[in-house]
Amino acid sequence: MAGGRRAAGLALGWGCCLLLCCAAASKLEVSTPAVVEVEIGDTARIECNFYIPGNGSYSYIDWFYVDRKETATPQTNSRVRLCHVTHSEVLKDSTEYKERLSVGEDKALSISKVTVQDDRTFVCQVGAGSSGVGESHTELHVYKVPETPVIEPNTGGISVHNSDNSQIAKCESKNSFPPANITWHKNGEQLDLQENQMRYSRTRESSGLHSVSSILFDTVTREDRDSHYHCTVHYWLRGQRHALESQKVQITVFYPAEHLKLQVVPSSALVKEGDNVKLVCESDGNPPPVFSFYKRGLDDKWKELSSLAETDSGVLTLHGVNKSSSGLYRCESLDLDDMTQLEKEVELVVNYIEDVHVEMEPSSPLREGGSVTLSCDAHSPVALDYQWTDEKGRKMGVGNQLFLSNLTFETPNNLSCKVVAPSVPGLEQSKQVSLAVEGKPRIVAISSPLYVRQDEVVNLTCKAIAFPRPSVHWSVNGTAHEYVDNQHIASNLTVRVSRDLLKAGAMCRFSNKMGVSEKHIQLLDQKTAAESQGVIIVAIIVAILVVAVLGAVIYFLHKKGKIPCGRAGKQDIAKNTSI
């Protein structure tokens, strides 16, 4: 009994399923894409597929759009027909789409040059006679990719003392559809903002596109001076989220100084007298504080130097420093925002060389052939080297002492002791010393012998070297001119040659307190000398002729056999001798 009831139940179930399937198979089915996305300006294509039972044919296909300006309810049915399609023709209704729509052979609806107003619902309705009427809806989503966002940072600067949120930056992106969203990022990480930290606005342009903007508000800390901010615009496309990032920007942060640094430029170890020195005071605050400079005096009181300083830039310039510029300097900074003060001190050491002097032993007077020791000394806070040079810059020696022996008039008259500080480039001083070697005059040149003619006017010259300067005397009368160059003296005497002068010559004499030197100048008659030269030439010619004749005679005798020559000749002579 129970088995019969179960069989009856199964039969009833299968019967119901069969009826449902047959009913579904006998119903007209129409399908379109649920969503179609298209970029503004492109062509949208909506396909319409349908199934008619029994392989029947459609009677018509109507395309509609739902006018969102009307109250879209099933009762009002706010549809606007776009076109009526039959097997033989496509009839376009007088709508805003008439010039932009087309229907393909597959009955798909195409809309060209899509605008934002096309973002609406489209309906494909199919009529199939006895199979009834079916339809399907498609949401046409129109989109426009937003422009890359532009970010504008706050250019005025923000103080860390501001407890309220301050405007950090503004971000704007134009011409998107639908409206895009904006997020903020700091140092690459997205900010989780409260309602009072961001102000969002959206503007619909005349083109129907949207421009969005966002302003970021926040407090800042000292570390935000190095922070980078950027904004990102997010939009949806084909079911996926996309993003465009702005450039990264920094903001100006105002914060008080925590540390102060004071340094000497160039380094204090290299400062020398005459240099221009800068004391540079730097703080890590922004904006820089107001700087003041002071120097501690000998009475331990601080003297203000603001008149010499650039208080805004924190630079104190000292021109042409000297020994007295050395000392302890102080820089003080004052933050005008919170009136905090910092100070820093630095020691300035001006390197110098002073009191350069040279001592000579013996100190007076120096004799020719003698010797002398020169000692150079100076005072300086750094180690010194000594170099000796002559007036031509030639090196004479090193060390603070120089020993010269066998002094002569040729010994350099002026020597220089140069004192150098190797540890301070450019720091040096020099001291000159004069050497005067005394000795009797030494005649170094005379114009002798001098060929002259009687009654001729000639110049007689004598040159000598001596110190002290000697006096010059000539043994004959004439017009004398003297020329002096340091220890060298030259005397020119202009005279007319007389018979007595031609015969006796002239004598030049140099004398000083150290002694006397004189030289004789011989004058030769130019005519007599010419005759003597003629006699010598004749004698030389005669001698040459005699040698030539003698050679000819010897050659002639040899040819006649009168003069045996060679080994055979020697044997003949020996043979004749033995007979």
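Predicted, not measured: the structure shown is a model, and the values here were computed from it.

## Examining the overall build of the protein
Along the protein, the regular secondary structure elements total four helices and 46 strands. When burial is assessed residue by residue, the protein has 36% of its 579 residues classed as buried. Of the contacts made within the protein by residues no fewer than 6 positions apart, 60% connect residues no fewer than 24 positions apart. Within the structure as shown, the protein displays about 34500 Å² of accessible surface, and the carbon and sulfur contribution to it stands at 51%.

## Looking at the packing of aromatic side chains
Counted according to the given criterion, the structure contains four aromatic pairs. Residues Phe50 and Tyr58 carry aromatic rings whose centres are separated by 5.8 Å and whose planes lie at 75 degrees to one another, so their mutual orientation is edge-to-face. On the accessibility criterion, Tyr58 (10% relative accessible area) is buried. Measuring from centroid to centroid gives 5.9 Å for Tyr97 and Phe122, while their planes differ by 80 degrees, and the two rings are edge-to-face.

## Describing the pattern of salt bridges
Within the structure shown, the criterion is met by 22 salt bridges. The salt bridge partner of Lys261 is Glu282, with a shortest N-O separation of 3.5 Å. Taken as a pair, Lys261 in strand E22 (residues 260-265) and Glu282 in strand E23 (residues 277-283) lie far apart in primary sequence, 21 residues in all. Here Lys261 falls in the partly exposed class, since its relative accessible area comes to 45%. The partner of Lys323 in a salt bridge is Glu354, and the shortest N-O contact between them spans 3.2 Å.

## Side note on the sheet that holds strand E44 (residues 506-512)
As summarised here, the arrangement of the three strands in space is E41-E44-E45, forming an open sheet in which the pairing is antiparallel. A strand with exactly one partner marks an edge of an open sheet, and here the two such strands are strand E41 (471-474) and strand E45 (515-521). Geometrically, the sheet is characterised by an average inter-axis angle of 15 degrees between neighbouring strands, direction not taken into account. Alignment of E41 against E44, held across four bridges, turns out to be antiparallel.

## What to know about the pairing of strand E29 (residues 341-348)
Bridge count between strand E28 (residues 327-334) and E29: eight bridges; the pairing is antiparallel. Each residue of the ladder has a partner; that of Tyr329, found in E29, is Val346. Counted between consecutive antiparallel strands, the loop separating E28 from E29 contains six residues, among which Met339 sits at a positive phi close to 60 degrees.

## A look at a nonpolar patch on the surface
On the surface, Val549, Val553, Phe556 and Leu557 cluster together into a nonpolar patch covering about 350 Å² of accessible area. By the element assignment, Phe556 lies in helix H3 (residues 526-559).

## Considerations on the state of the cysteines
Throughout the structure, instances matching the rule amount to five disulfides. Note that Cys281 is cross-linked by a disulfide to Cys331, the S-S spacing being 1.9 Å. Handedness here is read from the sign of the S-S torsion; for Cys281 and Cys331, about -95 degrees, the answer is left-handed. Of this pair, Cys281 sits in strand E23 while Cys331 sits in strand E28, placing them 50 residues apart in sequence. For Cys281, a relative accessible area of 1% translates into the label buried. Here Cys376 pairs with Cys417 through a disulfide, and the sulfurs are 2.0 Å apart.

## Section: the sheet that holds strand E20 (residues 240-245)
With respect to topology, four strands assemble into an open sheet ordered E16-E15-E19-E20, the strand pairing being antiparallel. Looking at which strands have only one partner, the edges of the open sheet turn out to be strand E16 (189-190) and E20. By the bridge criterion, six bridges tie strand E15 (residues 181-186) to strand E19 (residues 229-237) in an arrangement that is antiparallel. Looking at the pairing, Ile182 lines up with Val233 of E19.

## Description of the nonpolar core
Counting 29 residues, the largest nonpolar core has Trp63, Leu82, Phe122 and Val126 as its most contacted members. Breaking this core down by element, the ones donating at least two residues are strand E2 (35-39), strand E3 (44-46), strand E5 (60-66), strand E6 (79-85), strand E9 (109-111), strand E10 (121-127) and strand E11 (133-143). In this structure, Val126 is in contact with Leu28, Val30, Cys48, Phe50, Tyr58, Tyr60, Ile61, Gly132, Val133 and Gly134, ignoring residues within four places of it in sequence.

## Quick notes on the environment of His141
One can find His141 in strand E11. Taking C-alpha positions, His141 is 8.6 Å from Glu39, a pair spaced 102 residues apart along the chain. Leaving out residues up to four positions away in the same chain, His141 has contacts with Val35, Val36, Glu37, Val38 and Asp119.

## Notes on the side chain of Ser416
Mapped onto the fold, Ser416 is located in strand E36 (residues 414-420). Not counting residues up to four positions away in its chain, the partners in contact with Ser416 are Gln387, Trp388, Thr389, Ser430, Lys431 and Gln432.

## Topic: the pairing of strand E42 (residues 479-485)
Examined bridge by bridge, E42 and strand E43 (residues 488-496) share seven bridges and lie antiparallel to one another. The residue bridging Tyr483 from the neighbouring strand is Ala490, located in E43. Between the antiparallel neighbours E42 and E43 lie two residues, among them Asn486 with a positive phi of about 55 degrees.

## Description of unusual backbone geometry
With an omega of -5 degrees, the peptide bond running from Val265 to Pro266 counts as cis. You can see Pro266 is positioned in the loop between E22 and E23. Its identity as a non-glycine residue notwithstanding, Asn406 has a phi of 50 degrees, on the positive side. Mapped onto the elements of the fold, Asn406 is located in the loop between strand E35 (401-404) and E36.

## Here we look at the confidence of the model for the protein
Here the protein averages 86 in pLDDT, and 89% of its residues register 70 or above. Looking across the protein, the model is least confident in helix H1 (residues 2-25), with a mean pLDDT of 37, and most confident in E9, with 97. A low-confidence stretch, residues 1-24 stays under pLDDT 50, and its non-local contacts, those more than four residues away or across chains, total one contact. Counted against residues more than four places away or in other chains, residues 566-579, with its pLDDT under 50, gives two contacts.

Parameters at a glance
Here, residues in each chain are numbered from 1, in the same order as that chain's written sequence. Predicted model: local features are reported for residues with pLDDT of at least 70 only, side-chain atom pairs are reported and counted for 80 or more only, and whole-chain, interface and lining totals are derived from all residues. Note: side-chain values were computed over all heavy atoms of the structure, leaving out hydrogens and water. Secondary structure follows DSSP: runs of H or I at least 4 residues long count as helices, runs of E at least 2 residues long count as strands, and numbering of each begins at the N terminus. For every residue, the accessible area (1.4 Å probe, protein chains only) is compared with the maximum for its type, and the residue is labelled buried under 20%, exposed over 50%, or partly exposed between those bounds. In this analysis, two residues are considered to be in contact whenever any of their non-hydrogen atoms come within 4.5 Å of each other. Methods summary: accessible areas were calculated by the Shrake-Rupley approach with a probe of 1.4 Å, and residue burial reflects only the protein chains presented. Two rings from Phe, Tyr or Trp (for Trp, the six-membered ring) form a pair when their centres sit within 6.5 Å of each other. Planes less than 30 degrees apart are called stacked, planes more than 60 degrees apart edge-to-face, and all others tilted. Note on definitions: salt bridges are taken to be side-chain nitrogens of Lys or Arg within 4 Å of carboxyl oxygens of Asp or Glu. DSSP bridges decide pairing: two strands pair if at least two such bridges lie between them. The axes are straight lines fitted to the C-alpha atoms, using for helices just the contacting stretch, and the angles between their N-to-C directions are given from 0 to 180°. What makes a patch is a set of residues exposed beyond 30% relative accessible area and free of salt bridges, joined within 9 Å when like-charged and within 5 Å when nonpolar (Val, Leu, Ile, Met, Phe, Trp, Tyr). Our working definition of a disulfide is a cysteine sulfur pair at a distance within 2.5 Å. In these notes, a set of buried Ala, Val, Leu, Ile, Met, Phe, Trp, Tyr and Cys residues joined through side-chain atoms within 4.5 Å is what counts as a nonpolar core. Confidence of the predictor at the level of single residues is captured by pLDDT, which takes values from 0 to 100.

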